[in-house]
Amino acid sequence: MLAGEKTATEMWLVKVFAVVPALALVAAVPLAWGWGLGWTDIALAVFFYTLTCLGATVGFHRYFTHGAFTANRGLRIALAVTGSMAMQGPIIGWVADHRRHHAFADREGDPHSPWRYGTSAGALVKGFWHAHMGWMFGRDKTNAVRFAPDLLADNDIQRVDRLFPVLTVATLLLPAVAGGLISWSWWGAVTAFFWASLVRVAVLHHVTWSVNSICHMIGDRPFEARDKSANFWPLAILSMGESWHNSHHADPTCARHGVRRGQIDISARLIRVFELLGWATKVRWPRPERLARKLKATTP
Ligand SMILES: [Zn+2]
Ligand SMILES: [Zn+2]
């Protein structure tokens, strides 16, 4: 299951990437509108949030991890690149970790179960921290040979995986360059870097981590699943459909997670656009009879 231990540098880098953007967000809250934040910063932050969030949800998660559809080579590489720009680690490790999560969900071997320490209040506080971000600070490294052999066999994906440091620099610098050019000022570059790079990365980190922590603790469980996954509606839009997590665990390869009436799933919309463009094929859309079988008897 494991493939050795992370080096001290890898562990240090994970900590810096996880903690520094979050601290930046807290420090930023009292900042006043007008001098350090403007519409350009907001627009850039929303653009890069949407781009990288969908890279992670549609690309890393639904496509690379679960094979919810088949992508042409151009789309495959574009999704690998934009997903890497979410700064959640190189693609092969990300996919291996997430496949291990599904293989052992909320049991021994799950890399980030909030139920790891038990069900008492104290154990759940510890478990929440572990599932949200604590698990990344451990030394365990998921064995990619076992969990992601398909990605290891793809030279293009190997290349994107190795380019992770470059893509990290790009995802942080591009908003600053754009902000500087649009405002034609160094100050515009600084504020765009703050809001559209640091704050944007921090918010997306916490939204993604909340799927691992909150969505395995709180919410509705309309579907039968072997684990404690739950649908948590408040995060549906920010997570682009990923917080319909009970539905996802009930049918992991399905391209749509918000499968029930009124459940907004922006990632599924984008997959539909890719399908209409002919870039995505063999999309696994929900099948009503399959869903009906998995619904709990008590669900209305
Ligand atoms: Zn899960
Ligand atoms: Zn999944």
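Calculation criteria
- Residues numbered from 1 in each chain as written.
- Chains lettered and ligands numbered in written order.
- Predicted model: local features only at pLDDT ≥ 70, side-chain atom pairs only at ≥ 80, totals over all residues.
- Helix = DSSP H or I, 4+ residues; strand = E, 2+ residues; numbered from the N terminus.
- Contact = placed C-beta atoms within 7 Å.
- Core = buried A, V, L, I, M, F, W, Y, C linked by C-beta atoms within 7 Å.
- Buried ≥ 20, exposed ≤ 12 C-beta atoms within 10 Å, placed from the backbone.
- Expected span 1.5 Å × (residues − 1).
- Bend = angle between axes of the 7 residues up to and from the residue.
- UniProt positions renumbered as here; feature names shortened; annotations may be inferred.

**Q** Got a minute to help me understand the overall build of the protein chain in this structure?
**A** The helix and strand inventory of the protein chain stands at 13 helices and four strands. The principal-axis extents of the C-alpha atoms in the protein chain amount to approximately 60 × 50 × 40 Å. The long-range share in the protein chain, meaning contacts at least 24 apart out of those at least 6 apart in sequence, stands at 67%.

**Q** Before we go on, may I ask you to explain the nonpolar core in this structure?
**A** When a protein is soluble and globular, its nonpolar side chains tend to lie buried together. Ile91 and Val95 are the most contacted members of the largest nonpolar core, which has 60 residues in total. Elements represented by at least two residues in this core include exactly α2 (39-65), α3 (73-84), α4 (91-103), α8 (155-162), α9 (164-183), α10 (186-212) and α12 (266-277). Considering each element in turn, this core owes the most residues, 13 residues, to α10. Apart from the residues within four sequence positions on either side, valine 95 is in contact with Phe60, Phe64, Thr65, Ala148 and Leu151.

**Q** It is not clear to me how α10 should be interpreted in this structure. Could you clarify?
**A** Along an α-helix, a turn takes 3.6 residues, which lines up residues three or four apart on a common side. The end-to-end C-alpha distance of α10 is 38 Å, a good match for the 39 Å that 27 residues give at a rise of 1.5 Å each. Residue valine 199 marks the point of greatest curvature in α10, where the axis turns by about 30°. Most of α10 sits out of view: 21 of its 27 residues are buried.

**Q** Sorry, what's going on with the environment of arginine 76 here?
**A** Examined against the element boundaries, arginine 76 turns out to sit in helix α3. The exposure class of arginine 76 is buried, given the 20 C-beta atoms found within 10 Å. Along the chain, arginine 76 and isoleucine 157 lie 81 residues apart, while their C-alpha atoms are 8.7 Å from each other.

**Q** What is the right way to read the UniProt feature "transmembrane region" (unreviewed entry) in the protein chain from this model?
**A** Taking the numbering used here, the UniProt-annotated feature "transmembrane region" (unreviewed entry) corresponds to residues 12-36, 42-64 and 163-186. Helix makes up 88% of residues 163-186 and strand makes up 0%, while its end C-alpha atoms are separated by 28 Å.

**Q** What is the right way to look at the environment of tryptophan 187 in this model?
**A** Note on placement: tryptophan 187 falls in helix α10. For tryptophan 187, a count of 12 C-beta atoms within 10 Å corresponds to the exposed category. As for tryptophan 187 and glycine 36, which are separated by 151 residues in sequence, their C-alpha atoms are 8.5 Å apart.

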